[in-house]
Amino acid sequence: MQVSPGSSSPKVSEAGDYTFRVITTDAFQGDFVAQWTQEEGFKKVAIIYEQTDYGVGLAEVYQKAAESYGIEIVGSEAYTAGQTKDFASILTKIKNNQPDAIFIGGLYNEAALIAKQAQQQGLSLPFLGVDALFSDALINLGGDAVEGFLLPGFFNVDSDNEKTKAFVDAYTAEYNEVPGTYAAYAFDATNIIAEAIKNNGADREKVQEYLSTLKGYEGVTGVNDFDENGDVLKNPEKLIVQDGKFQTYTK
């Protein structure tokens, strides 16, 4: 019996009746960002992704969704997570393809490096990504190069929601730092299990029974419903890096 805070692969949907997750699938986020890309009027997009199961899967679902919305993918370049530090050749290829925007299928470390090196090359383009980029580390590492980044987010430390404020305050007091997205996901996953045990008993079948019908559980990452595969259903907030912090995106 498990409730995952960070397994976003679409393949997890096939893991069986005792697997649930509070993070949306890469397929959901890929489609969400692709539709957003279309709404922004970007016609041609380049993809930069990490050469892992996560990065490859994310690049694939984004490309498929983007093309379904009439967006042309003009380049798709991979890098080695944790090892690639020089993105000059990748960015040169992308620059030659003249995209309107760049989608990053990876984490904030490399995303910050890519943005800084793009700035050094004079490549001034909008960047889009998924909630894996939603970390203060992106801004701390990328500085003004990550201004304008667009990404979905399920957890906002500045939220007025009382439950979220209480979590942020308690976490900050305990660890002397504000919680990140995955800390929030883990908090929700743990509390959902506790809720199931409290209301239906500690037996694994009882927990599964409760979770399989869970609707409307309000956590710090949003309102959680589970579908028949144990996948969470919830909508993200559109965010932009503006003035050195994540802010709600409005157009």
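Data block above holds the structure.
Residues numbered from 1 in each chain as written. Predicted model: local features only at pLDDT ≥ 70, side-chain atom pairs only at ≥ 80, totals over all residues. Heavy atoms only, no water.

(A) Fine view of the overall build of the protein. Helix and strand counts for the protein come out as eight helices and twelve strands. Expected size for 251 residues packed as a compact globule is a radius of gyration near 18 Å; at 19 Å, the protein falls within 12% of this value. Its C-alpha atoms give the protein principal-axis dimensions of roughly 60 × 40 × 35 Å. Partitioning the contacts of the protein with sequence separation of at least 6, the portion at a separation of at least 24 is 67%. Accessible surface, the protein as shown: approximately 12000 Å² in total, 46% of it carbon and sulfur. Across the protein, the 19 positively charged side chains and the 37 negatively charged ones have centroids separated by 3 Å. (Helix = DSSP H or I, 4+ residues; strand = E, 2+ residues; numbered from the N terminus. Rg over C-alpha atoms; globule rule 2.2 N^0.38 Å. Contact = heavy atoms within 4.5 Å. Areas by Shrake-Rupley, 256 points an atom, 1.4 Å probe, with all protein chains shown as cover. Lys, Arg positive; Asp, Glu negative; His and termini not counted. Charge placed at Lys NZ, Arg CZ, Asp CG, Glu CD.)

(B) Here's a closer look at the environment of Asn109. As for its placement among the helices and strands, Asn109 is situated in helix α4 (residues 108-120). With a relative accessible area of 37%, Asn109 lands in the partly exposed category. Residues Asn109 and Ala137, 28 residues apart in the sequence, show an inter-C-alpha distance of 7.4 Å. (Buried < 20%, exposed > 50% of the residue type's maximum accessible area, 1.4 Å probe, protein only.)

(C) Expanded view of the sheet that holds strand β9 (residues 222-226). One open sheet accounts for three strands, arranged β8-β9-β10; its pairing is antiparallel. This sheet does not close on itself; its edge strands, each paired only once, are β8 (217-219) and β10 (232-233). Pairing of β9 with β10 involves two bridges; the strand directions are antiparallel. Following the sheet pairing, Phe226 is matched in β10 by Val232. (Pairing = 2+ DSSP bridges.)

(D) The packing of helix α7 (residues 181-200) against helix α8 (residues 204-211), seen in detail. It is the contact of α7 with α8, at a shortest axis distance of 9 Å, that shows an interaxial angle of 110 degrees. Compared by their axis directions, α7 and α8 come out roughly perpendicular. Seen from α7, the contacting residues are Ile192, Glu195, Ala196, Ile197, Asn199 and Asn200; seen from α8, they are Lys206, Val207, Glu209, Tyr210 and Leu211. Looking at the contact of α7 with α8 residue by residue, the classes come out as six nonpolar, two polar and three charged. (Axes fitted to C-alpha atoms, helices over the stretch in contact; angles between N-to-C directions. Parallel < 35°, antiparallel > 145°, perpendicular 65-115°, else oblique. Nonpolar A, V, L, I, M, F, W, Y, C, P; charged D, E, K, R; others polar.)

(E) Just the packing of aromatic side chains, in detail. Counted under the stated rule, the structure contains 14 aromatic pairs. Its guanidinium or amino end placed over the ring of Tyr217, Lys163 lies 5.1 Å from that ring's centre, counting from NZ or CZ. Geometry around Tyr18 places Arg204 over its ring, the cationic atom sitting 4.1 Å from the centre. (Phe/Tyr/Trp six-rings, centres within 6.5 Å; stacked < 30°, edge-to-face > 60°. Lys NZ or Arg CZ within 6 Å of the ring centre and 35° of its normal.)

(F) Spotlight on the environment of Leu239. Inspection of the secondary structure assignment puts Leu239 in strand β11 (residues 237-242). For the pair Leu239 and Phe154, spaced 85 residues apart in sequence, the C-alpha separation works out to 9.7 Å. For Leu239, the contacting residues outside a window of four places in its chain are Trp36, Phe134, Phe149, Leu150, Leu151, Pro152, Gly153, Gln247, Thr248 and Tyr249.

(G) Molecular detail of the pairing of strand β4 (residues 72-79). Two elements, strand β3 (residues 44-50) and β4, share seven bridges in a ladder whose sense is parallel. Within the sheet, the bridge partner assigned to Lys44 lies in β4 and is Glu72. Each parallel crossover has a hand, and the one from β3 via helix α2 (residues 53-68) to β4 is right-handed. (Right-handed = clockwise from strand over helix to strand, strands pointing away.)

(H) The pairing of strand β12 (residues 245-248), seen in detail. Judged from the four bridges that link them, β11 and β12 form a sheet pairing that is antiparallel. Bridging across to β12, Val241 finds its partner in Phe246. Where β11 folds back onto β12 in an antiparallel hairpin, the turn is made up of two residues, including Asp243, whose phi is positive at roughly 55 degrees.

Just distances and angles here, no functional claims.
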